[in-house]
Structures are given as structure tokens and as C-alpha cells.
Amino acid sequence: IVLEANPDYWGGRPAIDRLIYRSIPDNNARLVALQAGELDVMDGVEPAFLPTIQATGQFDIIERPPMNIGYLAFNTQKPPFDNVLIRRAINHAVNKEELNTAFYGGMGIPAVSPLPPSVWGHNPNVPKYEYDPEKAKELLAQAGYGPDNPLRTELWAMPVPRPYMPQPERIGVALQNYLREVGIEAEIVTYEWGTYLEKTGMGEHTMALLGWTGDNGDPDNFLYVLLDKDNAVTPDAGNIAFYMSDEVHDLLIRARQTTDQAERTRLYEQAQVKIMEDAPWVPLMHTRVPIAVRKGITGYVPNPTGSESLGKVTMP
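Overview of the structure. (Residues numbered from 1 in each chain as written. Predicted model: local features only at pLDDT ≥ 70, side-chain atom pairs only at ≥ 80, totals over all residues. Heavy atoms only, no water.)

1. Quick word on the overall build of the protein
Heads up, the condition is: For the purposes of this entry, the term helix denotes a DSSP run of H or I that reaches at least four residues, the term strand denotes a run of E that reaches at least two, and both are numbered from the N terminus. Throughout, radius of gyration means the C-alpha value; the globule benchmark is 2.2 Å times the number of residues raised to the power 0.38. When a residue's accessible area, from a 1.4 Å probe over protein chains only, is under 20% of the maximum for its type it is buried; when over 50% it is exposed; and in between it is partly exposed. Throughout, a residue-residue contact means that at least one pair of heavy atoms, one from each residue, lies within 4.5 Å. Surface accessibility follows the Shrake-Rupley procedure with a 1.4 Å probe radius. Residue values consider only the protein chains on display as shielding. Under the counting rule used here, the positive set is Lys and Arg, the negative set is Asp and Glu, and His together with the chain ends is not counted. Just so you know, the charge point we use is NZ for Lys, CZ for Arg, CG for Asp and CD for Glu.
Within the protein, the secondary structure is distributed over 10 helices and 11 strands. Relative to the 2.2 N^0.38 estimate, which gives 20 Å for 316 residues, the radius of gyration of the protein is 21 Å and therefore close to what a compact globule would have. Oriented by its inertia axes, the alpha-carbon framework of the protein measures out at about 65 × 45 × 35 Å. Here the protein holds 316 residues, and the buried ones make up 48% of them. Sequence separation of at least 24 residues holds for 72% of the intrachain contacts in the protein that already meet a minimum separation of 6. Of the roughly 14500 Å² that the protein leaves accessible, carbon and sulfur atoms contribute 50%. Counting 27 positive and 41 negative side-chain charges, the protein places the averaged centre of each group 2 Å from the other.

Written out as C-alpha cells, the structure reads:
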């Protein structure tokens, strides 16, 4: 995408005459382009690349504030994930701290709720699922699964890195290993990105990795968009857990009908408690997204939504 400066723009002529956006889906190819001097700013830096980039002495590293969520969604309308015991078991099977170290360079914030702590209304006092493989095995046994009757299923993994999930295929393999440790055999499935979104929006998956970057900083933009029954509608469901809680729906609709922020906060806190009790997801990580910026560039301020004005940016 090539942008040319508008000399008659009402807010003043941009400082840069020409700005080019390049889409480079592969993490390694993006790093090579940065090192070759083809890029001045690189968004979505894989944390493992930070030492390499910093060693050049040519770039500053800044962070996009963490208004996002990466998650593993269960299709709650399909067996065996219509059973809350299995959903809770898998929540206990996942070691989020280890994922953070291995795949986020320690820059992630292990999630306890679907709502990032940077968004008002976040409730840290929800039912928590500590990493506990033995507890996971107990819950699976209560659901009728064990060494003599292992649970076999699919785990859908995204084919492209996203801000909330920089290494989705490797994260998928790590999750596969966690599940195997508690007696679940999960075959990893992936598709081209457009097909992946189409199929998850249709509810064809059993459980799938996905995520979200907020649009506006309001809790509704996470909880209603991603987990309300209104959005569990094919062909392009935003609620790919197909989670259909009437109680959560009532709370979220009431929160939409008042401008009293204290009341809205109370309703969103209640909704998060109910959501985590029902466990339609494993909320995995909120990420502080690293961005490499060539030294001397000024005026670039990362926005939590991922959309920012570049009219004041200047080049060295």
C-alpha cells in the first residue's frame, strides 16, 4: 500500500512525502528485510529476534500497549466440548508462564480473563485455572476419559503470526504436548488464513487458536463481540466458541443500556466471573507487541488498537 502526502490536508501537510506499507507474513523474511535496510519500522517483532535487532545499534524498540487477547476457543456446541468438565480440565493443563517464556520472550501477560487488564472493567477476581495436570486428569476422569478411554480430538492452529500470537504453529505444538500429558490426543489442523477464518466462523472446528485486538478500549468490544450469543451466528461468527449463555447475554445487554460507568463495570465484572466458570476458552495471553523503529525517526506513537496516525512522523 503506497500513501502519498496530501498537501491540502486540513490538519496540515504530512511530514513524509511517501509512505509504503508492506505485508510480510513470515517472521524470518520480515527480519531479513529489516536487516537489509528495506524497512524503517517493523511491527509485530517476534520477541526472539529482539537481541539480533538491538545488536545492530540501528533501531529503537518500543511497545504497543497490550489491548489484545490470544485464546484457545472450544466449540461448545460440539462434543466433547459441550461438557464443561473437559473445558475446565484443558484450562488446568496449559502452562501459560512457560508459553510466555518460550514464545513471547516474557513480554506477554498470562491471561486470567478475556478482558485485558489495560481495559477498564477487567476483573482479576474470577475463577482461576492454575497449571495443574493432576487436576486436569481428575476432571477428565469425571467426564469419563482416562488411560483406557483417551479423548481424541483436533486442535486448529493459525497459519500466520498475529500481535496476540507471534508463533501460532509452535504454540499449537506446545498445547498439543500439554494435552498429551493429561491424556488427550489432539491432531493439529491448519488452513490458509482466509480459509481458517471462514471455517472457524462457520463453526467447523472443535477447538481453535485465535485472538483479538480491541477497536476502542471499551469492555463491550471484547466481551460482547467475542462471547455473546448474538455473535455466535454463522457464517462469520465472532464468538467462535459458540458460547450461548443467557445469563452473560443479559449482563452484557444491560451494560450496553446504561451510561453509568460504575454500573457497567459491575456488570462486566459479573459477566467475566460467569464466563470463566463456564470456560468456553483458555484465555492465553495479552501481549505487549514490540516494534522496531529506525533511530532518528520521530513522531511515531503506537496506538493500543494497532491503528495510528502517521502524519507527524519525521524521517532522519
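2. A look at helix α8 (residues 220-227)
Helical geometry: 3.6 residues make up each α-helical turn, so side chains three or four residues apart lie on a common side. For α8, the buried fraction is high: seven of the eight residues fall into the buried class. Buried residues in α8 make contact with β5 (68-74), β9 (207-213), α9 (246-256), α10 (261-278) and β10 (281-287).

3. Side note on the packing of aromatic side chains
Formally: Aromatic pairing here means that ring centres of Phe, Tyr or Trp (its six-membered ring) are within 6.5 Å. Orientation follows from the plane angle: under 30 degrees is stacked, over 60 is edge-to-face, and everything else is tilted. Note on criteria: charge over ring means Lys NZ or Arg CZ within 6 Å of the ring centre, with the direction from the centre no more than 35 degrees off the ring normal.
Following the criterion strictly, the structure yields eight aromatic pairs and no others. Seen in terms of ring centroids, Phe74 and Phe81 are 5.2 Å apart; in terms of plane orientation they differ by 25 degrees. Their pairing is stacked. Summarising the burial analysis for this pair, Phe74 and Phe81 share the class buried. Here Tyr131 and Tyr178 contribute two aromatic rings whose centre-to-centre distance is 6.3 Å and whose plane-to-plane angle is 55 degrees, an arrangement assigned as tilted. With Tyr131 in the loop between β6 (108-110) and α5 (133-142) and Tyr178 in helix α6 (residues 168-181), the pair connects residues that are 47 residues apart, well separated along the chain. By relative accessible area, Tyr131 is classed as partly exposed at 36%. Given the relative accessible area of 5%, Tyr178 is considered buried. For the cation-ring pair, Lys199 lies above Tyr191, with the distance from its terminal atom to the ring centre recorded as 5.1 Å.

4. A short note on unusual backbone geometry
Following Pro79, the chain continues into Pro80 via a peptide bond in cis, with omega recorded as 0 degrees. If you trace the backbone, Pro80 turns up in the loop between β5 and α3 (84-93). With a phi angle near 50 degrees, Phe242 is a residue other than glycine that sits in the positive phi range. One can find Phe242 in the loop between α8 and α9. Residue Phe242 is classed as buried on the basis of its relative accessible area of 6%. Here Ala279, not a glycine, exhibits a phi torsion of approximately 50 degrees, which is positive. Mapped onto the elements of the fold, Ala279 is located in the loop between α10 and β10.

5. Focus: the nonpolar core
Under the convention used in this document: Among the buried residues, those of types Ala, Val, Leu, Ile, Met, Phe, Trp, Tyr and Cys that are joined through side-chain atoms within 4.5 Å form a nonpolar core.
Membership of the largest hydrophobic core comes to 63 residues, with the highest contact counts inside it found for Leu72, Ile90, Leu99, Leu175, Met207, Leu209 and Leu284. Residues Ala33, Leu39, Val45 and Ala292 belong to the second largest nonpolar core, which totals 13 residues.

6. Focus on the sheet that holds strand β11 (residues 289-294)
Put simply, the rule is: A pair of strands counts as paired when DSSP detects no fewer than two bridges linking them.
Read from one edge of the open sheet, three strands run β3-β11-β4, paired in antiparallel fashion. Looking at strand neighbours, the two that pair on one side only are β3 (41-42) and β4 (59-64), the edges of this open sheet. Here β4 pairs with β11 via six bridges, running antiparallel. The residue of β11 that forms the bridge with Ile61 is Ala292.

7. A short note on the pairing of β10
Consecutive side chains of a regular strand alternate in pointing toward one face of the sheet and then the other. The element β10 is largely enclosed, with a buried count of seven among its seven residues. Direction of pairing for β5 relative to β10: antiparallel, over a ladder of four bridges. Bridge pairing in β10 links Gly70 to Met285. The pairing of β6 with β10 spans three bridges and is antiparallel. Bridging across to β10, Ile109 finds its partner in His286.

Structural measurements only, silent on function.
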